[in-house]
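# Summary of structural features
Now for the letters of each chain:
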Amino acid sequence: MGKTGLAHMFEHMAFKGTDKIGTKNYAAEKAALAKVETAYAAYLAERDKTIGRDENKLKELEKAWKDAIAEADKYVKPNEFGEIVEREGGEGMNANTSDDETNYYFSFPSNRLELWAYLESERFLHPVMREFYKERDVVQEERRMRTDSSPIGRLIEQFITASFQAHPYHRPTVGWMSDLNSFSATDAQMFFDQYYIPSNMVVAVVGDVKASETIPLVEEYFGRLPTKPPPDERTTTEPPQNSSDA
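Notes on the structure in this doc start here. Remember, it's a predicted structure, so these values are computed and weren't measured experimentally. (Residues numbered from 1 in each chain as written. Predicted model: local features only at pLDDT ≥ 70, side-chain atom pairs only at ≥ 80, totals over all residues. Heavy atoms only, no water.)

## Some details on a nonpolar patch on the surface
- Together, Val-203, Val-205 and Val-209 make up an exposed nonpolar region whose accessible area comes to about 170 Å².
- Secondary-structure assignment places Val-209 in the loop between helix 9 (185-195) and helix 10 (211-222).
- Accessibility expressed as a relative area gives 31% for Val-209, which makes it partly exposed. (Patch = residues over 30% accessible without salt bridge, like charges linked within 9 Å, V, L, I, M, F, W, Y side chains within 5 Å. Areas by Shrake-Rupley, 256 points an atom, 1.4 Å probe, with all protein chains shown as cover. Salt bridge = Lys/Arg side-chain N within 4 Å of Asp/Glu carboxyl O. Helix = DSSP H or I, 4+ residues; strand = E, 2+ residues; numbered from the N terminus. Buried < 20%, exposed > 50% of the residue type's maximum accessible area, 1.4 Å probe, protein only.)

See the structure below:
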């Protein structure tokens with residue numbers, strides 16, 4: 001709670017590149033991104049005060065945060081991950097997040113199998129939360145378009161939230177707007193560290209490839225992902241949903 005929509009938000013982040021892809025100078029960018037998070041935490045602390053919020057101070061903190069974002073953006077090579085995929089013959093690159101899983105997929109020529117293994121493993125080894133707040137704005141627009149401005153979208157969300165009283169399924173996958181206005185790149189990194197672990201991941205390769213060549217490549221590249229303890233997956237048990245005949 002308080003961070004609904006974060007799984008979907010990280011899905012967007014996985015296309016932003018790595019410490020090698022999407023950056024002009026990662027050492028400088030890393031330092032700049034850390035300053036963004038420090039500035040955002042200060043802004044959020046003042047913004048979310050229920051008593052004694054200083055509006056002038058809030059404006060100053062918001063400006064400092066946005067200035068820090070502008071500085072970090074100087075090091076970004078926009079869309080470089082996707083450009084590499086397209087340049088090498090890839091197509092159909094996309095992803096989706098549902099209640100129980102996030103899927104990432106694209107098609108490559110079979111002679112680019114090793115490049116696929118490198119790219120796909122790298123973005124789950126060394127993701128970088130660059131352009132996070134710009135992308136968070138994109139997700140907010142996605143919510144407005146698909147839910148808030150859609151009669152069917154609103155109906156489905158209200159139906160699901162009413163159908164599940166206690167189980168986390170009552171939380172919308174896209175997230176509540178207040179959470180989309182609050183969670184941070186630091187939260188996204190923590191989510192990644194906790195849930196993007198080998199025991200939670202499945203790799204599927206389909207096409208004109210041989211298992212004898214594919215499996216060693218998958219093991220070589222994806223075997224680099226460090227083993228971590230599984231997250232606590234306990235959830236509240238949904239009370240029995242009883243009904244009666246009219």
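Next comes the rest of the write-up.
## Concerning the environment of Tyr-196
- You can see Tyr-196 is positioned in the loop between helix 9 and helix 10.
- Under the relative-accessibility criterion, Tyr-196 is labelled buried at 13%.
- Along the chain, Tyr-196 and Phe-183 lie 13 residues apart, while their C-alpha atoms are 18 Å from each other.
- Among residues more than four places away in sequence, those in contact with Tyr-196 are Phe-10, Thr-102, Tyr-104, Phe-124, Phe-191 and Met-201.
- A polar contact of 2.6 Å, which involves the side chain of Tyr-196, links it to the side chain of Tyr-104. (Contact = heavy atoms within 4.5 Å. Polar contact = N/O pair within 3.5 Å; in protein donor to acceptor, adjacent residues only side chain to side chain.)

## Focus: unusual backbone geometry
- Although it is not a glycine, Asn-79 adopts a positive phi angle of roughly 60°.
- Residue position: Asn-79 is located in the loop between helix 3 (55-73) and helix 4 (80-87).
- Residue classification places Asn-79 among the exposed residues on the basis of a relative accessible area of 56%.
- One non-glycine residue, Glu-131, lies in positive phi territory at about 55°.
- Relative to the helices and strands, Glu-131 resides in the loop between helix 5 (113-125) and helix 6 (132-148).

## Description of the packing of aromatic side chains
- This structure, assessed with the given rule, holds 19 aromatic pairs.
- Centre to centre, the rings of Trp-116 and Phe-222 are 5.6 Å apart; their planes meet at 45°, and the pair counts as tilted. Pair noted here: Trp-116 is in helix 5 and Phe-222 is in helix 10, with a separation of 106 residues, a long-range link. Phe-222 matches Trp-116 in its accessibility class, with the two residues each being buried.
- With 5.4 Å between their ring centres and 85° between their planes, Phe-164 and Tyr-169 make a pair best called edge-to-face. (Phe/Tyr/Trp six-rings, centres within 6.5 Å; stacked < 30°, edge-to-face > 60°.)

## Remarks on the side chain of Glu-120
- Following the sequence through the fold, Glu-120 ends up in helix 5.
- Here Arg-123 takes part through its side chain, which lies 3.0 Å from a polar atom of the side chain of Glu-120.
- Sequence-distant contacts of Glu-120, defined by excluding residues within four places in its chain, comprise Phe-81, Tyr-104, Phe-106 and Phe-222.

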